[in-house]
Amino acid sequence: MKARLYNKYMSEVVPALKQKRQYSNPHQIPRLTKIVVNMGVSASLEKTAVEDAAKDLGQITGRKPVISKSRHNIANFKLRDGQPIGCRVTLRRDAMYEFFDRLVATALPRIRDFRGLSPRKFDGRGNYTFGIGDQTIFPEIELDKIKRTQGMDITIVTSARSNDEALDLLKFMGFPLAEK
């Protein structure tokens, strides 16, 4: 069974985008390609910080995160080559649509004083990246079991060629963007 948001994309968003942008080929219509969720952890924290972040990220996304390791020695940051410094998960297809749906419907409205995300965070190629300062906005995280608050970066990668096309796609998908 396909995700609820995928069915909405196929039945409502594709015809709306086709009508608004006058696409002649159905492959020109932008779509979500993947969502990357990244948690960076300070190297100066204790050794269990990366494992705790990976456990939280696994609960949030439903997938096992990949531990990112440093590539260089940087003395000013007390960083050694091969030291774990974060974790990330790449979501595609049904898992991506499920995560996007949970993010929009339950997690983002739980942010205090939330008035929408800035529409100026596009990278010029149709991808949208934003940061969340606290992992506790997700209902999967139990507040009693977290040791430290941890932020994360979420990148929504689309097949759109420009920021305007991606903005239309995200608005039709129900993404909460603030007005300019």
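Each value, and the rule that gives it
- Residues numbered from 1 in each chain as written.
- Predicted model: local features only at pLDDT ≥ 70, side-chain atom pairs only at ≥ 80, totals over all residues.
- Heavy atoms only, no water.
- Phe/Tyr/Trp six-rings, centres within 6.5 Å; stacked < 30°, edge-to-face > 60°.
- pLDDT = per-residue confidence, 0-100.
- Helix = DSSP H or I, 4+ residues; strand = E, 2+ residues; numbered from the N terminus.
- Buried < 20%, exposed > 50% of the residue type's maximum accessible area, 1.4 Å probe, protein only.
- Salt bridge = Lys/Arg side-chain N within 4 Å of Asp/Glu carboxyl O.

Participant: Lay out the packing of aromatic side chains with the relevant residues and their values.
Facilitator: Pairs of aromatic rings are described using the distance from one ring centre to the other and the angle between the two planes. Counted by the stated rule, this structure contains seven aromatic pairs. Members of the aromatic cluster, joined through ring pairs, are F100, F122, Y128, F130 and F175.

Participant: Outline the confidence of the model for the protein, supporting the account with residue identities and numerical values.
Facilitator: If pLDDT is low for a region, its predicted coordinates should not be looked at in detail. For the protein, the mean per-residue pLDDT works out to 83, and 97% of the residues sit at or above 70. No element of the protein has a lower mean pLDDT than helix 2 (residues 48–61), which averages 83, and none a higher one than strand 5 (residues 152–158), which averages 90.

Participant: Tell me what's going on with the environment of L117, and back it up with residues and numbers.
Facilitator: Along the chain, L117 turns up in the loop between helix 3 (93–107) and strand 4 (128–132). The class for L117 is buried, based on a relative accessible area of 8%. Put simply, L117 and G131 are 14 residues apart on the chain and 9.8 Å apart in space, counted from C-alpha to C-alpha.

Participant: Describe the pattern of salt bridges, naming the residues involved and giving the relevant values.
Facilitator: Summed over the entire model, instances satisfying the criterion amount to five salt bridges. Among the salt bridges present, the one from D168 reaches R21, with a minimum N-O distance of 2.8 Å. On the criterion of sequence distance, the pair formed by D168 in helix 4 (residues 163–172) and R21 in helix 1 (residues 4–21) is long-range, its members being 147 residues apart. Residue classification places D168 among the buried positions, given a relative accessible area of 9%. Close ionic contact of K55 with D56 constitutes a salt bridge, the shortest N to O distance being 4.0 Å. With a relative accessible area of 7%, D56 lands in the buried category. Ionic contacts of the salt-bridge type, sharing partners, join the residues K20, R21 and D168 into one network.

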